[in-house]
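Chain by chain, the residues run as shown.
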Amino acid sequence: MTRHVELRPGAYADSVTLLQVSRDVQRLPGVLAAQVAMGTALNLDVLAQMGFDIPASATTNDLVLAVRAQDQEALASALSGIDRLLAAPGGRPDGGHDLAPPRTTASALASVGGDDALVLVSVPGEYAALEAMDALDAGRDVMIFSDNVPLEQEVTLKQVAAERGLLVMGPDCGTAVVGGVGLGFANAVSPGRVGIVAASGTGCQQVLCLLDHAGVGVSTAYGVGGRDLSAAVAGRSTRTALARLDADPGVELILVVSKPPAASVAADVRAWAEDLATPVEFAILGAGLPDLTAATEAVLDRLGVSVPDWPVRRGPAVVGPVETGPLLRGLFVGGTLCDEAMLIASASLGPIRSNIPLAAELALGNDLRADDHLMIDFGDDALTAGRAHPMIDSTLRLEHLARVASDPLTGVILMDVVLGHGAEADPATALAAALHAVSQPVVITVVGTDLDPQGREDQVAALVAAGAEVHLSNAAATRRALEILHSTPGSTRTRP
């Protein structure tokens, strides 16, 4: 076996491209492991855990190539494959090249006709505000998909937008539906009479999919970024989005979705919404407040639509009991789904440790370990610097799944799989393969619709066949995980 680590200073490719290059090279004969990534602290830590010796000189401006191969021939093939794949974007099989894409937002806007085009910004967070301001200066609304954007820059952008009657969606806006078109990770849903304003990406997706299952369509979903209802941002984009939906004659009811907000800002938005002509419902997470499923059911009641049974699929029970521990471990790609699960579970389990804790003293360390109940959001900014979101790249979460499954203290594992346009093409296959090695009960929320490109039913079937219990409602999945955890005194349980 041979190992190779190479630094390429100044070279750059986006995290999604590097993920695909890594996956393609790992499929080559004789290649045991391959990672091509920017030299962020997180990526260097992952490479070290994989057994690679990373030069101390590595920086975030370096492209890191790390390959473990059976022999020199396989290594040479891997390195050649990396070079070929990195050079491929923009090229055509006939040897020609497509026209070079615009290099800045300003130049892109100059090439686009009309004055109503939405600008979508997806660049490293430190550069996103500059591109977004170019869009605002051109009189365009902007969706900032980028995360890791400094808070003070978000405040400035949204203040400028409010003064000009424009809308800033984001930063870290992963989901939106505008003009009937799903953007980011949005699920495929039918148009309808509900409009959504969401300070939460996966929270918006959960509501979209629950409404879709109930036969209710959504005309527009404005994602405003998870910090919009914070004290610093003060709901600036939420107000603009509410006003736009209120002016839309096709919207009969507006739903505001949010991860736990600043209480004073949430109260101000509620009071402001009372003056709108269109009725507004709220799905805002917090202690003592309805969960997302309950809030969606309230919307259905207000629309006069019967609340359906939310889908749940259970596989064949494992023959005989399984020895497991007393603790609940949650591994999430959706931050709002993680928040919701912690709020529900902490009511009966007590404090839950997390990298996005409900209280500061419950924060996990950088190793994301604790001999307690814990829930991890793998989509948090600290875990996505320089790498693709876990809805695209599940590598980090699968590593932690193996870790918690090998921990004798783990009693039940709670997870989510979020489908949609920009998400991984087949997330269930890799997760199902990993689940076959897990002895504990596993409960999974699959957030998706029948129209999503991944095919919700196919994804659910693969996970059920691997022994998981699968729900559409994250709240129901969390309560089921608690039920299993408490079902048998001691540490003996049966997988669902």
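No experiment lies behind these values; they were computed from the predicted model shown. (Residues numbered from 1 in each chain as written. Predicted model: local features only at pLDDT ≥ 70, side-chain atom pairs only at ≥ 80, totals over all residues. Heavy atoms only, no water.)

> What is the right way to read the packing of helix α12 (residues 395-405) against helix α13 (residues 427-435) from this model?
Geometry of a packed helix pair, given as the angle between the helix axes and the separation of the axes. Following both chains from N to C, one finds α12 and α13 inclined at 15°, their axes separated by 10 Å at the closest point. The angle between α12 and α13 places the two elements in the roughly parallel class. In the crossing of α12 with α13, the sense of the turn from one axis to the other is right-handed. Two secondary-structure elements touch here, α12 through Arg 397, Leu 398 and Leu 401 and α13 through Ala 430, Leu 431, Ala 434 and Leu 435. Considered class by class, the residues forming the contact of α12 with α13 number six nonpolar, no polar and one charged. (Axes fitted to C-alpha atoms, helices over the stretch in contact; angles between N-to-C directions. Helix = DSSP H or I, 4+ residues; strand = E, 2+ residues; numbered from the N terminus. Parallel < 35°, antiparallel > 145°, perpendicular 65-115°, else oblique. Left-handed = near helix turned anticlockwise from the far one by under 90°. Contact = heavy atoms within 4.5 Å. Nonpolar A, V, L, I, M, F, W, Y, C, P; charged D, E, K, R; others polar.)

> So what exactly am I meant to see when it comes to the confidence of the model for the protein chain here?
Detailed conclusions should not be drawn from predicted coordinates in areas where pLDDT is low. Residues with a pLDDT of 70 or more make up 94% of the protein chain, whose mean pLDDT is 91. Confidence drops under a pLDDT of 50 for residues 489-494, and excluding neighbours within four residues, the segment shows 19 contacts in the predicted structure. (pLDDT = per-residue confidence, 0-100.)

> Just to check I follow, could you spell out the pairing of strand β7 (residues 175-178) for this structure?
In summary, the side chains of a regular strand alternate between the two faces of the sheet. Bridge count between β7 and strand β8 (residues 181-184): four bridges; the pairing is antiparallel. Note on β8: the bridge partner recorded for Val 177 is Gly 182. With antiparallel pairing between neighbouring strands as the criterion, β7 and β8 make up a hairpin whose turn holds two residues, including Gly 179 at a positive phi of roughly 60°. (Pairing = 2+ DSSP bridges.)

> Looking at this model, I keep getting lost on empty space enclosed by the protein. Mind explaining?
Any space left empty among the atoms is revealed by the rolling of a water-sized probe across them. With the rule as written, the count across this model stands at four cavities of 30 Å³ or more. Forming the boundary of the largest cavity are 13 residues, of which Pro 390, Ser 394, Arg 397, Glu 424 and Pro 427 lie nearest the centre. Of all the elements in the fold, those that place two or more residues in the lining of the largest cavity are α12, β18 (410-418) and α13. (1 Å grid on protein atoms, 1.4 Å probe; cavity = no way out; pocket = protein on both sides within 12 Å on 5 of 7 lines; lining within 4 Å. Points joined across faces, edges and corners; volume = space filled by probe spheres on them.)

> Sorry if this is basic, but what is going on with the sheet that holds strand β13 (residues 312-314) here?
Across a sheet, paired strands are connected by hydrogen bonds in the backbone, their directions being either parallel or antiparallel. Judged by pairing direction, the sheet is mixed, and its seven strands sit side by side in the order β13-β20-β19-β18-β15-β17-β16 without closing on themselves. Both outer strands of the open sheet, β13 and β16 (353-354), are each paired with one neighbouring strand and no more. Two strands pair when backbone bridges link them, and β16 and strand β17 (residues 374-377) are joined in this way by two bridges, in the parallel orientation. Across the sheet, the residue bridging to Arg 353 is Leu 374, located in β17. Its contacts with the sheet place helix α14 (residues 456-465) against β13, β18, β19 (442-447) and β20 (469-471), and it is angled at close to 35° to β13.

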